[in-house]
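Examination of the molecular architecture
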Amino acid sequence: MKVLVIGGGAREHALCRSLSLDPGVTALHCAPGNAGIGEVAELHPVDALDGAAVARLATQLGAGLVVVGPEAPLVAGVADAVRAAGIPCFGPSKEAARLEGSKAFAKDVMAEAGVPTARSYVCTTPEEIDGALAAFGAPYVVKDDGLAAGKGVVVTEDLTAAREHALACGRVVIEEFLDGPEVSLFAVTDGETVVPLQPAQDFKRALDGDAGPNTGGMGAYSPLPWADPKLVDDVMDTVLQPTVDELRRRGTPFSGLLYAGLAITSRGVRVIEFNARFGDPETQVVLARLRTPLAGLLLGAANGTLDQQPPLQWHDDAAVTVVVASYNYPDTPRTGDPIEGLDEVAAEDAPHAYVLHAGTKRDGDTVLSAGGRVLSVTATGKDLGKARERAYRAVARIRLDGSQHRTDIARKAAEG
Ligand code: AMP
Ligand code: GLY
């Protein structure tokens, strides 16, 4: 089967890496891709947001499956355009992707489906904003209703900062603060059958010790040795299946990847957010551990045959990924700097550690930084400690002027 992947981040590199290892995949294409993806897939300079162009490319290539990675093309209806061209597509319709595209819509689905989440108000006026902030008190949680690449959320003790962010958003969701550790749980679904993957934990803040601003994610690990072994079953019953059932009931079934961002609070599991696609960087660690060939699983979701999918198989190894980001990320990052040391990782650390590219591009023989998150250095090992050691050894070989990374990814979990 020929597969076309849409996107060009580390998540798409991880998807392409797994697809390239699947014996069922005869040719792998990616649009637009990045320098690293170009080593495992043929790249096409097609705008990922242009559904007609993506569908045309998929048709020309004779693709048997299109996998849409990022949220923006899904929210723009790219999966609908591909399906309209008669090609199976992994990724929800524009309607179903509103689960990620609008926080207010997600709250409405959860209320209807009885899914546990933070109590919230949707506000549009200064009066409503002040009322909601006063009702919940500090710490304040203020979320832009629309897509904001993980940067539309402000969590703060400072009422003035909370108010300013809310007023700048237009339509805004203000909600109760949820304490407790966060877990990302992904499920592959065809709109009816739901197949959960293994949980992972992401590090959203820019700096060590969970300090600094929110980012798209600075690192991740899986499995979670501290989590309740019943967590996945519990979230299946209380969150994933009810949400998928509710969207089907509304006549807008969700097929693709349902990402539940969860808080494990003292009062039980609560949904922080839904995403309509694989998480980045969690995908890098979840796919590193998945033994089941990926293309067949994603095709089953696209075709509505997940009920025939045999149980997923997993490696015993743990996985850790550390994001190397540009100078000044998550503010306007500096780009265009040469990246050195990639060959050394390939020569010294493979196959247990490898570099997945996010914002990179090739310039002759040189790889240049081209975005905020530049690389996602991923490693596996018999436990989290070993995987961490390998990931950080590889990170140390990479030279990118002014780059930053967290030094504490998976540390607490590895130390028990
Ligand atoms: P979101 O984009 O909704 O995932 O929010 C980004 C981050 O903000 C989350 O990963 C949490 O760390 C934090 N956050 C969001 N909602 C809440 C909440 N209700 N309580 C505490 N922290 C939150
Ligand atoms: N890692 C967070 C996200 O993908 O939204």
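Our subject in this report is the structure included herewith. Each chain carries its own residue numbering, running from 1 in the direction its sequence is written. For this description, chains carry letters from A and ligands carry numbers from 1, given in the order in which they are written. Only residues with pLDDT of at least 70 get local features here, since the model is predicted, and only at 80 or more are side-chain atom pairs given and counted; chain-wide, interface and lining totals rely on the full set of residues. Neither water nor hydrogens contribute to the side-chain values; these are computed over all heavy atoms in the structure.

1. A look at the packing of helix α7 (residues 126-136) against helix α8 (residues 159-169)
Using the following cut-off: The axes used here are C-alpha line fits, helices contributing only the stretch in contact, and every angle between their N-to-C directions lies in the interval 0 to 180 degrees. Going along the chain from the N terminus, every DSSP run of H or I of four or more residues is numbered as a helix, and every run of E of two or more is numbered as a strand. What makes a crossing left-handed is the near helix being turned counterclockwise from the far one by less than a right angle; a clockwise turn instead makes it right-handed. Any two residues having at least one pair of non-hydrogen atoms within 4.5 Å are treated as being in contact. Ten residues, namely Ala, Val, Leu, Ile, Met, Phe, Trp, Tyr, Cys and Pro, are considered nonpolar, four, namely Asp, Glu, Lys and Arg, are considered charged, and the remaining ones, Gly among them, are considered polar.
Two elements in contact, α7 and α8, have axes separated by 10 Å at closest approach and are oriented at 145 degrees. For α7 against α8, the interelement crossing comes out right-handed. Residues Pro126, Ile129, Asp130 and Leu133 of α7 form the contact with α8, whose own contacting residues are Leu159, Ala162, Arg163, Ala166 and Leu167. By residue class, the composition of the contact of α7 with α8 is seven nonpolar, no polar and two charged.

2. Some points on the sheet that holds strand β24 (residues 399-400)
Here is the rule we go by: We treat two strands as partners when DSSP finds at least two bridges between them.
The strand order β21-β22-β19-β24 describes an open sheet built from four strands, whose pairing is antiparallel. Each edge of the open sheet carries a strand with a single partner, namely β21 (360-363) and β24. Where strand β19 (residues 338-340) lies against β24, two bridges are found, and the strand directions are antiparallel. Counted as the bridge partner of isoleucine 339 is leucine 400 from β24.

3. Describing the sheet that holds strand β6 (residues 120-123)
Read across the open sheet, the four strands follow the order β6-β9-β7-β8; overall the sheet is antiparallel. What marks the edges here is a single partner per strand, and that holds for β6 and β8 (153-156). Between one strand axis and the next, the sheet turns by 20 degrees as a mean value, whatever way the strands run. Across four bridges, strand β7 (residues 140-144) lies against β8 in antiparallel orientation. When the sheet's bridge partners are listed, lysine 143 is paired in β8 with valine 153. Against the sheet, α7 contacts β6, β7 and β9 (172-175), and its axis sits at roughly 165 degrees relative to β6. Against the sheet, α8 makes contact with β7, β8 and β9, and its axis sits at roughly 15 degrees relative to β7, the strand it touches most.

4. As for the side chain of aspartate 202
Our working definition: Burial classification: accessible surface area is computed with a 1.4 Å probe over protein chains only, and a residue below 20% of its type maximum counts as buried, one above 50% as exposed, and the rest as partly exposed.
Among the secondary structure elements, aspartate 202 is positioned in strand β12 (residues 201-202). Accessibility expressed as a relative area gives 13% for aspartate 202, which makes it buried. Look past the residues within four positions of aspartate 202 in its chain and what remains in contact with it is Ser184, Gly216, Gly217, Met218, Gly219, Ala220, Pro281 and Glu282.

5. Points about the packing of aromatic side chains
Put simply, the rule is: Centre distance within 6.5 Å is the pairing criterion for rings of Phe, Tyr and Trp, where only the six-membered ring of Trp is used; planes under 30 degrees apart are then read as stacked, over 60 as edge-to-face, and the remainder as tilted. The criterion is that NZ of a Lys, or CZ of an Arg, lies within 6 Å of the ring centre and within 35 degrees of the ring normal, and then a charge sits over that ring.
On inspection of all chains with the given rule, the structure shows five aromatic pairs. Seen from their ring centres, tyrosine 121 and phenylalanine 136 are 5.5 Å apart, and the 40 degrees between their planes marks the pair as tilted. Of the two residues, tyrosine 121 is situated in strand β6 and phenylalanine 136 in helix α7; the sequence distance between them amounts to 15 residues. On the basis of relative accessibility, which here comes to 19%, the residue phenylalanine 136 falls in the buried class. A ring pair is formed by phenylalanine 186 and phenylalanine 278, whose centres lie 6.0 Å apart and whose planes are at 85 degrees; its orientation type is edge-to-face. Taken together, the residues span a long stretch of sequence, with phenylalanine 186 in strand β10 (residues 182-189) and phenylalanine 278 in the loop between β17 (268-275) and α10 (282-289) at a distance of 92 residues. According to the relative accessible area criterion, phenylalanine 278 is buried, its value standing at 3%. Taken together, Phe90, Phe186, Tyr259 and Phe278 form an aromatic cluster joined through their ring pairs. The ring of tyrosine 354 has arginine 17 sitting right over it, with the charged end atom 3.6 Å from the ring centre.

6. Comments concerning the pairing of strand β23 (residues 373-381)
Across the nine residues of β23, nine count as buried, placing the element largely inside the fold. With eight bridges joining them, strand β18 (residues 318-325) and β23 adopt antiparallel strand pairing. Within β23, the position partnered with valine 322 by the bridge is valine 377. Pairing between strand β20 (residues 353-357) and β23: five bridges, direction antiparallel. Its bridge partner being in β23, histidine 357 is matched across the sheet by leucine 375.

7. Topic: α7
As a reminder of what qualifies: Arc definition: directions from the helix axis to the C-beta atoms.
If you check which residues of α7 are buried, you get Ile129, Ala132, Leu133 and Phe136. The buried residues of α7 occupy one face: seen down the axis, they fall within an arc of 100 degrees. Opposite its buried face, α7 presents the exposed residues Glu127, Ala134 and Ala135, each directed more than 90 degrees away. Those residues of α7 that are buried lie in contact with β6, β7, α8 and β9. Just beyond α7, the residue with positive phi is glycine 137, at close to 70 degrees.

8. Structural notes on unusual backbone geometry
Cis geometry marks the peptide bond from alanine 138 to proline 139; its omega dihedral reads -10 degrees. Looking at the secondary structure, you find proline 139 in the loop between α7 and β7. Within the chain, aspartate 210 stands out as a residue other than glycine whose phi angle is a positive 55 degrees. Among the structural elements, aspartate 210 can be located in the loop between β13 (205-207) and β14 (211-214). With a phi angle near 65 degrees, alanine 410 is a residue other than glycine that sits in the positive phi range. Alanine 410 gets classed as buried once you look at its relative accessible area, which sits at 1%.

9. Description of the site of ligand 2
Which entries qualify depends on this criterion: It suffices for a single heavy atom of a residue to lie within 4 Å of a molecule or strand for the residue to be listed as near it. Only the protein chains shown count as cover for residues, and all accessible areas are computed by the Shrake-Rupley method using a 1.4 Å probe.
Close contacts around ligand 2 come from Asp202, Lys204, Gly216, Tyr259, Asn275, Arg277, Gly279, Asp280, Pro281 and Glu282, and that covers them all. For ligand 2, whose unbound accessible area comes to 190 Å², protein coverage reaches 91%. Split into classes, the residues belonging to the shell around ligand 2 amount to two nonpolar, three polar and five charged.

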